[in-house]
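Residues per chain, in single letters:
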Amino acid sequence: LLIILTCLLSFFITINNVYADELCTKSKKYEQYEKLSPEEKKKAIEPEYCEVEKEERALNASSKPAKYNARNYGIVNTPKDQGKNGTCWAFSAMSVVETNSMKNKMPSYNFSEAHLIYGIIAGGYSDSAGKFNKYSMSDLDGGTLYFAPTYFFNNKGMLLENEFKYSKSYKTITNSQYPKGRSYLTVGSFELYSNNYYGVCSTSDINTIKDRILSDGSVQATMYMDSNLFKDKNKDFYLANTNDSYYGNHAVTIVGWDDTISKSNFRGAKRNGAWIVKNSWGSTWSGDGYFYISYDDEFICSDLAFYSGVTNKTF
């Protein structure tokens, strides 16, 4: 069951490794990634090659509410179901964009993840539409946090869900079957927020993420997902650490937080508090499609993506 549900992300790097050492210092996380077996790498999120200099911001935590849930403000769509496909990266990114559009007083759009996915994989941006002139979901073992912004900023979309529906089963379509995007919205900016080591949330990280949720509506995040690590049978409370894995394998959407959630709800947590996380396994999974992930989870703050400035397209 876990194999069916888990989205396995296999990251690529944008700098050729032959020359990367001349341009930057190799990150500790990438050194750990290099030690993985080929089979483990297929299931891993390939981290940033370069050591990332992350700006630390000293923010006043007391200025933020102890609890916040974007769902309460009607700006989060119902969780969708990725099915057996390794497409969590698309669902989490599209959810963040949909929420930012509603946060910015746009209509409640339900956009097509399928259009995003097929536009990216198998050479979707080439004139020949990739190998064999087809778009093949079976070629997709997973995705990266860079896939979605490539789609957004190349102005290839977006389409509504009812214009190009998502299929939970693998299928191949021809270039002529791939519809052109509509001019609904434009995405203003994409920012990657990456820790160089494992992603235990520092106080600064927590405040930064809270700020972005308040300003943008939600945040895209990566985590290590194993259903056995939920502390309760309802799959409400989750915490993973490096004894469980050395890599993340699932993308989700953080829509809020609760500082008052007791650490006793999570195995091994040292701090109270948790993120409210929207998953992409349907609206009935865990009761409503959401769960809490502890601030002490060792992956949730490793790689995050911020989308903002979603507005009506004018071109």
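Per chain, the residues get numbers from 1 upward, laid out in the order the sequence is written. Confidence filtering applies because this is a predicted model: local features only for residues at pLDDT of at least 70, side-chain atom pairs given and counted only at 80 or more, and all residues used for totals across whole chains, interfaces and linings. Only hydrogens and water are set aside when side-chain values are computed; all heavy atoms of the structure are taken into account.

Undergrad: Can you tell me about the overall build of the protein chain, naming the residues and giving the values?
TA: Each helix and strand counted, the protein chain has 8 helices and 12 strands in total. Note on exposure labels: buried denotes an accessible area under 20% of the residue type's maximum, exposed denotes more than 50%, and partly exposed covers the range between, all computed with a 1.4 Å probe on protein chains only. Burial analysis of the protein chain (315 residues in total) assigns 55% to the buried set. Every residue pair with non-hydrogen atoms within 4.5 Å of one another is taken to be in contact. Intrachain contacts of the protein chain at a sequence separation of at least 6 include 78% that bridge at least 24 residues. In this description a helix means any DSSP run of H or I spanning at least four residues, a strand means any run of E spanning at least two, and both kinds are numbered starting from the N terminus.

Undergrad: Just give me the short version of the packing of helix H5 (residues 88-103) against helix H6 (residues 113-120), but keep the residues and values in it.
TA: Axis definition: a line fitted to C-alpha atoms, over the contacting stretch in the case of helices. Angles run 0 to 180 degrees between N-to-C directions. Relative to each other, H5 and H6 sit at 125°, their axes nearing to 10 Å. The orientation of H5 relative to H6 falls into the category oblique. For the crossing formed where H5 meets H6, the hand is right-handed. Along the contact surface, H5 presents Trp89, Ala90, Phe91, Met94 and Glu98, while H6 presents Glu113, Leu116, Ile117 and Ile120. Angular relationships are summarised with four words: roughly parallel below 35 degrees, roughly antiparallel beyond 145, roughly perpendicular across 65 to 115, and oblique for the angles in between. Crossing handedness: left-handed means the near helix sits turned counterclockwise from the far one by under a right angle, and right-handed means the same turn made clockwise.

Undergrad: Outline H5, listing residues and values.
TA: Helix span, as expected, comes to 1.5 Å for every residue beyond the first. With 16 residues, H5 should cover 22 Å at 1.5 Å per step; its first-to-last C-alpha distance of 22 Å lies within 8% of that length. Most of H5 sits inside the fold, with 15 of its 16 residues counted as buried. Downstream of H5 by a residue or two, lysine 105 has a phi angle that is positive, lying close to 70°.

Undergrad: Requested: an account of the confidence of the model for the protein chain, with residues and values cited.
TA: Detailed reading of predicted coordinates is not advised where the pLDDT is low. The pLDDT score gives, residue by residue, the confidence of the prediction method on a 0 to 100 scale. In this model, the protein chain carries a mean pLDDT of 80, and residues with pLDDT of at least 70 account for 76%. Contacts from residues 53-61, a stretch scored under 50 in pLDDT, to residues over four places away or in other chains number 13 contacts. Residue range residues 123-133 is modelled with pLDDT below 50. Its contacts to residues more than four positions away, or to other chains, number 21 contacts.

Undergrad: Go over the pattern of salt bridges with me, naming the residues and quoting the values.
TA: We count a salt bridge whenever a side-chain nitrogen from Lys or Arg sits within 4 Å of a carboxyl oxygen from Asp or Glu. Taken as a whole, this structure holds 10 salt bridges when the rule is applied. Note that lysine 168 is salt-bridged to aspartate 81, the shortest N-O span being 3.1 Å. With lysine 168 in the loop between helix H7 (147-153) and strand S3 (172-174) and aspartate 81 in the loop between strand S1 (67-69) and H5, this residue pair connects regions lying 87 residues apart in the sequence. Given the relative accessible area of 44%, lysine 168 is considered partly exposed. The class for aspartate 81 is partly exposed, based on a relative accessible area of 25%. With a shortest N-O distance of 3.1 Å, glutamate 191 and arginine 212 are connected by a salt bridge. Taken together, the residues span a long stretch of sequence, with glutamate 191 in strand S5 (residues 189-194) and arginine 212 in helix H8 (residues 203-216) at a distance of 21 residues. Given a relative accessible area of 34%, glutamate 191 falls into the partly exposed group. Judged by its relative accessible area of 14%, arginine 212 falls in the buried class. The network of salt bridges with shared partners includes Lys80, Glu98 and Glu113.

Undergrad: Quick one: what's the story with the state of the cysteines, residue by residue and with numbers?
TA: In what follows, a disulfide is any cysteine sulfur pair within 2.5 Å. Scanning all chains against the criterion turns up 1 disulfide. One disulfide in the model links cysteine 201 with cysteine 301; its S-S distance is 2.0 Å. Looking down the S-S bond of the cysteine 201 and cysteine 301 bridge, the torsion is 90°, so its handedness is right-handed. One end of the pair, cysteine 201, is in the loop between S5 and H8; the other, cysteine 301, is in the loop between strand S10 (290-294) and strand S11 (303-308), with 100 residues separating them in the sequence. Neither residue differs from the other here; cysteine 201 and cysteine 301 are each classed as buried.

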